[in-house]
Structures are given as C-alpha cells and as structure tokens.
Amino acid sequence: MYRKLLSASFLIAASACSAGKATPVDSTTAAAPAASMSAGSSSDSTAIDAIRVAWLAAANLKDADVIAALYEDDAVFISADAPPATGKAEILGTMKGMIPVSRILSIDPTTVVSSGDIGYEFGTFTDQALQGNPTQAKTMGYFLVTARKQADGSWKITKHVS
C-alpha cells in the first residue's frame, strides 16, 4: 500500500512539474479548468473542482471551519506564509490566522486529474493582503492539491501546497 501511494505521489508531482505555464484570470470566483487539461472520470474531476469552489467561497466568507472540513483528518497544508499544518486541527488554526488578513482574487486551475480514488488539481492563485497597503501586497503563486475519494463517494483534500 505504501509503495502504491509513494508511486502515485511521484506521478502526481511529476505531472504537476511538467504542466504548461498557466495564464491567470483576474476574477473573484474559482475558474473552471480547461477541458483539454482534465483527465479521468468527468464526475470525479467535477467533484475535485467542487472542493476548490467550496474552498474559495468559504475563504471569501472568512469561514475557517468550512475550509478545514474539506480536508482529511491527517491532511497536510503547506504555505510559504506559515509552518506546515498537519491534521485538521492544525489546518483550522492556520486558516483562522490566514484568511482574515487576505482576500483571494482568483484560483485558476490548469490541470485536474483523477485515477481511481486519487486525484489532483494544479494551477495558479492570486491573493491580496488586507493589512498595510493592499495595492502593493498582491501575491501570485501556484497551488497543488491532492485529494482522495472517501467511502461515501465524496472527495477530501489530502495535501495542499500553495
């Protein structure tokens, strides 16, 4: 099992690294990925997209509890702005510190892939600091989210790097 997950993680990372350069869209809603960049079951890809849409909606409402509910119990969130958060409780704490001081301007996926019960989404994001001078504090970056299909058919985030 460990070897299978390790192989899947390597393939996900390799695929993400080989993705083409994204063209960010300046929007306040989560954009849908280009159809040509999706792979796997369309219903699974749609479910993975729904995680991003729910994440963005909760972030705009400053609702860290809803965001944390999108993660598996042992998920990991890694951001340049905070130490790695492991587990839902740490992710909740990190989100409570991060989302009140920033506004997500866009989350633009370029790739959504699913295979069996594992999937990932890769793309770009733009956020803006709400403290200090917000016009000078825009950040553009990349994100990679891995997700796993749960026993009930829903998907939850396992790893999130942005």
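Structural notes, computed from the coordinates. These numbers were taken from a predicted model, which means no experiment stands behind them.

1. Some points on helix α2 (residues 42–60)
Helix length check: α2, at 19 residues, gives a terminal C-alpha distance of 27 Å against a target of 27 Å (1.5 Å per residue), a fit within 8%. Considered for burial, the residues of α2 that qualify are Asp44, Ser45, Ile48, Asp49, Ile51, Arg52, Trp55, Leu56, Ala58 and Ala59. One or two residues past the end of α2 sits Lys62, with phi positive at roughly 60 degrees.

2. Quick notes on the pattern of salt bridges
Counted under the stated rule, the structure contains 5 salt bridges. A salt bridge links Arg52 to Glu121; the nearest nitrogen and oxygen atoms lie 2.9 Å apart. Highlighted residues: Arg52 in helix α2 and Glu121 in strand β5 (residues 118–129), separated in sequence by 69 residues. Taking relative accessible area as the criterion, Glu121 reaches 3% and is therefore assigned buried. Salt bridges here are not isolated pairs; linked through shared partners, they connect Asp49, Arg52 and Glu121.

3. Some thoughts on helix α4 (residues 88–98)
Turning to α4, its buried residues are Ile91, Leu92, Thr94 and Met95. Taken around the axis of α4, the buried residues stretch over an arc of 165 degrees, which confines them to a single face. Elements in contact with the buried residues of α4: α2, α3 (64–69), β2 (71–79) and β3 (82–86).

4. Section: the packing of aromatic side chains
Within the structure shown, the criterion is met by 1 aromatic pair. Ring geometry for Phe122 against Tyr142: centres 6.1 Å apart, planes inclined by 10 degrees, an arrangement best described as stacked. Taken together, the positions of Phe122 in strand β5 and Tyr142 in strand β6 (residues 138–149) put the pair 20 residues apart, joining distant regions of the chain.

5. With respect to the nonpolar core
Counting 27 residues, the largest nonpolar core has Trp55, Ile67, Tyr71, Ile91, Met95, Ile107 and Ile157 as the members making the most contacts within it. Counting residues per element, the ones that place at least two in this core are α2, α3, β2, α4, β4 (102–115), β6 and β7 (155–161). The contact partners of Ile67, leaving out residues within four places of it in the chain, are Trp55, Ala58, Ala59, Met95 and Ile99.

6. Brief notes about the side chain of Arg52
According to the relative accessible area criterion, Arg52 is buried, its value standing at 5%. Side-chain polar atoms of Arg52 contact the side chain of Glu121, separated by 2.9 Å.

7. Quick word on the environment of Lys138
Topologically, Lys138 is positioned in strand β6. Contact partners of Lys138, with chain neighbours within four places excluded, come to Leu105, Asp127 and Gln128.

8. Brief notes about unusual backbone geometry
You will see that Lys62, though not glycine, has its phi angle at about 60 degrees, which is positive. Tracing the backbone through its elements, the reader meets Lys62 in the loop between α2 and α3.

Each value, and the rule that gives it
Residues numbered from 1 in each chain as written. Predicted model: local features only at pLDDT ≥ 70, side-chain atom pairs only at ≥ 80, totals over all residues. Heavy atoms only, no water. Helix = DSSP H or I, 4+ residues; strand = E, 2+ residues; numbered from the N terminus. Expected span 1.5 Å × (residues − 1). Buried < 20%, exposed > 50% of the residue type's maximum accessible area, 1.4 Å probe, protein only. Salt bridge = Lys/Arg side-chain N within 4 Å of Asp/Glu carboxyl O. Arc of directions from axis to C-beta. Contact = heavy atoms within 4.5 Å. Phe/Tyr/Trp six-rings, centres within 6.5 Å; stacked < 30°, edge-to-face > 60°. Core = buried A, V, L, I, M, F, W, Y, C linked by side-chain atoms within 4.5 Å. Polar contact = N/O pair within 3.5 Å; in protein donor to acceptor, adjacent residues only side chain to side chain.

Distances and angles like these do not, on their own, reveal function.
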